[in-house]
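Inside the fold
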Amino acid sequence: MRLRNIPGSREAIAESQYVIHEEETRAGSWHEIFENDHPIYIEIGMGKGQFLMELARRNPDINYVGIEKYSSVLIRALEKMEEEETPLSNICFIRMDAEDIVKVFAKNEVDRIYLNFSDPWPKDRHAKRRLTSKEFMARYDQILVPDGQVEFKTDNRGLFDYSLEAIPEAGWEIEMHTFDLHHSEYAEGNVMTEYETKFSGEGK
């Protein structure tokens, strides 16, 4: 991943009405933040926000929280939000490290988690940083409702193969998987990320 500093991004994030700051929230407070009791879906590593914002448009009765670690990426999502003709009231963002999700989400507070094109962390010594590692699956177990789901997409075959082994070892059941999402029965209704749109358009 190549990132560059964007001058003023931290200040813009601090002032944005769409950002919930980590120090301002607490586990169990998200229904208060959204002022309703709708299900809560989160995306970890949301990038520029295209995927989550499209879901928010399609599903007004679901609350979406986008988690992004990097200010230089989050600022792009905020710019997209400012361009919306009709403000999306069912989505907000938080800049934080995903390792801390159990500090801001309570037991049974989240209904679904999306992991899209996550950093593969290819070196073995970094395995616990992978978002499908047993360490992260244990975190998800703490915040998801009993029948909650994790949806995972990647173009990295090494990470996918690793996940097929690591997820069951973490005590989870894989309900379905495919090695070619865009040409499978699951393609219908698939919402693509910016990254996915670009590379799919190139036939990759």
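A quick note: this is a predicted structure, and the numbers were derived from the prediction, not measured. By convention here, each chain's residues receive numbers from 1 onward along its written sequence. Totals for whole chains, interfaces and linings use all residues, but because this is a predicted model, local features are given only for residues with pLDDT of at least 70 and pairs of side-chain atoms are given and counted only at 80 or more. The side-chain figures draw on all heavy atoms in the structure; neither hydrogens nor water molecules are used.

Moving on to the packing of aromatic side chains. Pairing of aromatic rings covers Phe, Tyr and the six-membered ring of Trp, with a centre-to-centre limit of 6.5 Å; geometry is then stacked below 30 degrees between planes, edge-to-face above 60, and tilted otherwise. Applying the stated criterion to the full structure yields 10 aromatic pairs. On the basis of an interplanar angle of 35 degrees and a centroid distance of 4.6 Å, the ring pair of Y195 and F199 is categorised as tilted. With Y195 and F199 both in helix 8 (residues 194-201), this residue pair falls 4 residues apart, about one helical turn. A relative accessible area of 37% means that Y195 is categorised as partly exposed. A 1.4 Å probe rolled over the protein chains alone gives each residue an accessible area, and that area as a share of the maximum for its type sets the label: buried under 20%, exposed over 50%, partly exposed in between. The class of F199 is partly exposed, set by a relative accessible area of 22%. Ring pairs connect the aromatic residues Y41, F51, Y64 and Y114, which therefore count as one cluster. The ring of W121 is capped by R129, whose NZ or CZ atom sits 4.8 Å from the centre of that ring. The residue whose ring lies beneath R130 is Y162, and the NZ or CZ to ring-centre distance is 4.5 Å. Where helices and strands are cited, they refer to DSSP runs of H or I of at least four residues and of E of at least two residues respectively, numbered from the N terminus. In this analysis the charged atom, NZ for Lys or CZ for Arg, is taken to sit over a ring once it is within 6 Å of the ring centre and within 35 degrees of the ring normal.

Core analysis: the biggest nonpolar cluster contains 29 residues, and I42, I44, V65, F105 and Y140 have the highest contact counts within it. Pairs of residues are marked as contacts when any of their non-hydrogen atoms sit within 4.5 Å. Setting aside its immediate chain neighbours within four residues, Y140 contacts I44, I101, I113, L115, L131, V150 and W172. Here, nonpolar core means buried Ala, Val, Leu, Ile, Met, Phe, Trp, Tyr and Cys residues that are tied together by side-chain atoms lying within 4.5 Å of each other. Counting 22 residues, the second-largest nonpolar core is a separate cluster that includes Y18, V19, L88 and Y114.

Positionally, G47 belongs in the loop between strand 1 (40-44) and helix 3 (50-58). Exposure remark for G47: the relative accessible area of 22% places this residue in the partly exposed category. In sequence terms G47 and A14 are 33 residues apart; their C-alpha atoms lie 18 Å from each other. Apart from residues lying up to four places away in sequence, G47 is in contact with E68, V73 and A77.

Let us look at the pattern of salt bridges. Side chains bearing opposite charge may pair, as long as their charged atoms lie close to each other. Each salt bridge in this description consists of a side-chain nitrogen of Lys or Arg and a carboxyl oxygen of Asp or Glu lying within 4 Å of one another. Summed over the entire model, instances satisfying the criterion amount to 10 salt bridges. With its nearest N and O atoms 2.8 Å apart, the salt bridge here joins E54 to R57. With E54 and R57 both in helix 3 and 3 residues apart, this pair spans about one turn of that helix. What makes E54 partly exposed here is its relative accessible area of 25%. Connected via shared salt-bridge partners are E54, R57, R58 and E84.

Although it is not a glycine, F117 sits at a positive phi angle of roughly 50 degrees. Structurally, F117 can be placed in the loop between strand 4 (110-116) and helix 6 (134-143). With a phi angle near 40 degrees, W121 is a residue other than glycine that sits in the positive phi range. With respect to the helices, strands and loops of the structure, W121 is situated in the loop between strand 4 and helix 6.

With that out of the way, let us pick up the sheet that holds strand 5 (residues 144-153). When DSSP finds at least two bridges between two strands, those strands are taken to pair. Strand order in this open sheet of 5 strands is 3-2-1-4-5, and the pairing throughout is parallel. Strand pairing shows two members of the sheet lacking a second neighbour, strand 3 (91-95) and strand 5, which therefore form its edges. Going across the sheet, the axis of each strand differs from the next one's by a mean of 20 degrees, ignoring polarity. Pairing of strand 1 with strand 4, which is carried by 4 bridges, proceeds in the parallel orientation. Across the sheet, residue I42 finds its bridge partner in strand 4, namely I113. Axis geometry follows a simple rule: fit a line to the C-alpha atoms, using only the stretch in contact for helices, then measure angles between N-to-C directions, giving values from 0 to 180 degrees. Docked against the sheet, helix 6 engages strand 1, strand 4 and strand 5, running at close to 140 degrees with respect to strand 5.

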